[in-house]
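# Remarks on the overall topology
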Amino acid sequence: MVLRRPNLLAYDWGLILLTLAITVLGLFNLRSAAPDPALLNRQLAAFLLGLLLAVGVQFFSRRTVFALAYPLYALSLLLLVAVLAFGREINGAKAWFVLGPLQFQPLELAKLGLILALARLLEGREVRRVWDYFLPGLLTAPVVLLLLLQPDLGGGLVVLFGAFAVLFVRGLPWKHILVGLLALAVLVPTVVWPNLKPYQRERVLIVLDPYRDPLGQGFQVIQSTIAIGSGGLFGKGYGQGTQTQLGFVPFRHTDFVFAVFAEEWGFVGSVALLGLYALLLVRLLGMALECPRLSDRLFLAGVGGMLGFQVLVNLGVALGVMPVTGLTLPLFSYGGSSLMATLLSLGLVLLVHRDRAAP
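The sections below set out a description of the structure shown in this document. (Residues numbered from 1 in each chain as written. Predicted model: local features only at pLDDT ≥ 70, side-chain atom pairs only at ≥ 80, totals over all residues. Heavy atoms only, no water.)

### Quick notes on the environment of Val159
Here is the rule we go by: In this description a helix means any DSSP run of H or I spanning at least four residues, a strand means any run of E spanning at least two, and both kinds are numbered starting from the N terminus. Whether a residue is buried, partly exposed or exposed follows from its accessible area with a 1.4 Å probe, protein chains only, as a fraction of its type maximum: under 20%, in between, or over 50%, in that order.
You can see Val159 is positioned in helix H7 (residues 153-170). Exposure remark for Val159: the relative accessible area of 0% places this residue in the buried category. C-alpha of Val159 to C-alpha of Gly50: the two residues are 109 residues apart in sequence and 21 Å apart in space.

### Thoughts on the packing of aromatic side chains
We count it as follows: Aromatic rings from Phe, Tyr and Trp, with only the six-membered ring used for Trp, were paired whenever their centres fell within 6.5 Å, and each pair was classed as stacked if the ring planes differed by under 30 degrees, edge-to-face if by over 60, and tilted otherwise.
For the structure shown, the criterion picks out nine aromatic pairs. When the ring of Phe161 is compared with that of Phe164, the centres are 6.0 Å apart and the planes differ by 45°; the resulting orientation is tilted. With Phe161 and Phe164 both in helix H7 and three residues apart, this pair spans about one turn of that helix. We classify Phe161 as partly exposed; its relative accessible area is 32%. What makes Phe164 partly exposed here is its relative accessible area of 32%. On the basis of an interplanar angle of 85° and a centroid distance of 5.6 Å, the ring pair of Phe168 and Trp174 is categorised as edge-to-face. Cluster of aromatic residues (ring-pair linked, three or more members): Phe28, Tyr238, Phe261, Trp265 and Phe332.

### A closer look at the nonpolar core
Using the following cut-off: Only buried residues count toward a nonpolar core, which is a set of Ala, Val, Leu, Ile, Met, Phe, Trp, Tyr and Cys residues joined through side-chain atoms within 4.5 Å.
Ranked by internal contacts, the top residues of the largest apolar core, which has 92 residues, are Leu116, Val143, Phe299, Leu300, Phe332 and Val349. With 13 residues, the top contributor of residues to this core is helix H13 (residues 294-318).

### Notes on a nonpolar patch on the surface
The following threshold applies: Only residues whose relative accessible area exceeds 30% and that form no salt bridge enter a patch; like-charged residues are grouped when within 9 Å of one another, and nonpolar side chains (Val, Leu, Ile, Met, Phe, Trp, Tyr) when within 5 Å. For the area figures, the Shrake-Rupley method with a 1.4 Å probe applies, and any residue is considered shielded solely by the protein chains shown. Criterion for a salt bridge: a side-chain nitrogen of Lys or Arg within 4 Å of a carboxyl oxygen of Asp or Glu.
There is a patch of nonpolar side chains on the surface, built from Leu178, Leu181, Leu184, Leu187, Val188, Val191 and Val192 and spanning about 590 Å² of accessible area. Inspection of the secondary structure puts Leu184 in helix H8 (residues 174-195).

### Description of unusual backbone geometry
Backbone torsion omega between Gln150 and Pro151 reads -5°, so that peptide bond is classified as cis. Along the polypeptide, Pro151 turns up in the loop between helix H6 (134-149) and H7. Located in the positive-phi region is Phe251, a residue other than glycine, with phi close to 50°. By the element assignment, Phe251 lies in the loop between helix H11 (242-245) and helix H12 (257-290). With phi around 70°, Leu331 is a residue other than glycine that occupies positive phi space. Structurally, the position occupied by Leu331 is in the loop between H13 and helix H14 (336-354).

### Focus on the sheet that holds strand E2 (residues 93-99)
To keep things clear, this is the line we draw: A pair of strands is considered paired only if DSSP assigns at least 2 bridges between the two. In this analysis an axis means a line fitted to C-alpha atoms, helices contributing only their contacting stretch, and an angle means the value between N-to-C directions, from 0 to 180 degrees. The contact criterion used is simple: two residues touch if any of their non-hydrogen atoms lie within 4.5 Å.
Across the sheet, which stays open at both edges, the three strands sit in the order E1-E2-E3 with antiparallel pairing between neighbours. Of all strands in the sheet, those with a lone pairing partner are strand E1 (88-90) and strand E3 (102-104), marking the two edges. If you compare each strand with its neighbour and ignore which way they point, the axes differ by 50° on average. Relative to E2, E1 runs antiparallel, the two sharing three bridges. Its bridge partner lying in E2, Arg88 is registered against Trp96. Helix H4 (residues 69-86) rests against E1, E2 and E3 of the sheet, and its axis sits at about 90° to E2.

### Remarks on the pattern of salt bridges
One pass over the structure, following the stated rule, counts nine salt bridges. Lys111 is the salt-bridge partner of Glu108, the closest N and O atoms lying 3.1 Å from each other. Here the residue Glu108 and the residue Lys111 both occupy positions in helix H5 (residues 106-122), the gap between them amounting to three residues, near one helical turn. The residues Glu108 and Lys111 share a single accessibility class, namely buried. Measuring nitrogen to oxygen at the nearest pair gives 3.0 Å for the salt bridge that ties Arg212 to Glu202. Taken together, the positions of Arg212 in the loop between helix H9 (198-208) and helix H10 (219-230) and Glu202 in helix H9 put the pair 10 residues apart, joining distant regions of the chain. Note on Glu202: relative accessible area 19%, which makes it buried. Here the salt bridges share partners, and the residues they tie into one network are Asp12, Arg283 and Glu290.

Below is the structure:
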């Protein structure tokens, strides 16, 4: 393993500036949204640590990163097992290691490890026949199963979508996609729905009618949509959102952080924020297309797929069109593990893109 000195001119500065813009906006918004001022200090510390990680990996080569794919995947599996035994339960999920003021969620490392492992595995394997899914499934299934045991359905869905993005770019046949969608259409009402726990079913039903339980399961969605709608065209101003500042919007610094931003900055500010996310995802797609190696394209597709899916679900929950899953808004919501892992992932994206023409 040889360390190298990065060449600043070789990096995609569009991705760097977009990442920093969203993150700084998130910190600015968190100052208004956080119920405890100490949360902002923790997020700032996570931001600095994430930057150090993203910069630190630039001294390595893409070859070194992919050589560590399987060890990183194995480590993430061990941590997912360990958190079930020794982790602390927070908000109903045993998904966190807690050491004093520090918290770490193994899910974030597992997402990165799985995408790297799948990219390395599928570089030399086609996905054309049914048995071609065996090895990718063998890598993905343990991660998803361990997340469901926590339980963390939202994290499991993010991992599944990231794996799907990698398979899609690898050449997943459309007929297989159609068969999969038909299978879901049959299995969801006949197998999945009957086996859901009562609170999980209620979350789905609340999407259809939040006022069926306005003071319980529906309270979060009702207050979030009221906050977003009350922002109007230009918003109420920074720190002036009544729904959020008076504490009506729950989890306003994590799951429903978009409601805070929309109430304070209105439709115009919300469109600007979504535009930044759209540009970030488009830039990831463009960088993937610029990489001649298949493994590089697969890795960038996995990272972009996970980020895009998480943004879509978080916004859907805030707008009341998707069930509450506990997924935060990447780079924007409070969460040290998520922020550091996302910055590390994008740092690796920059590294892989930088070395796209290297032998």
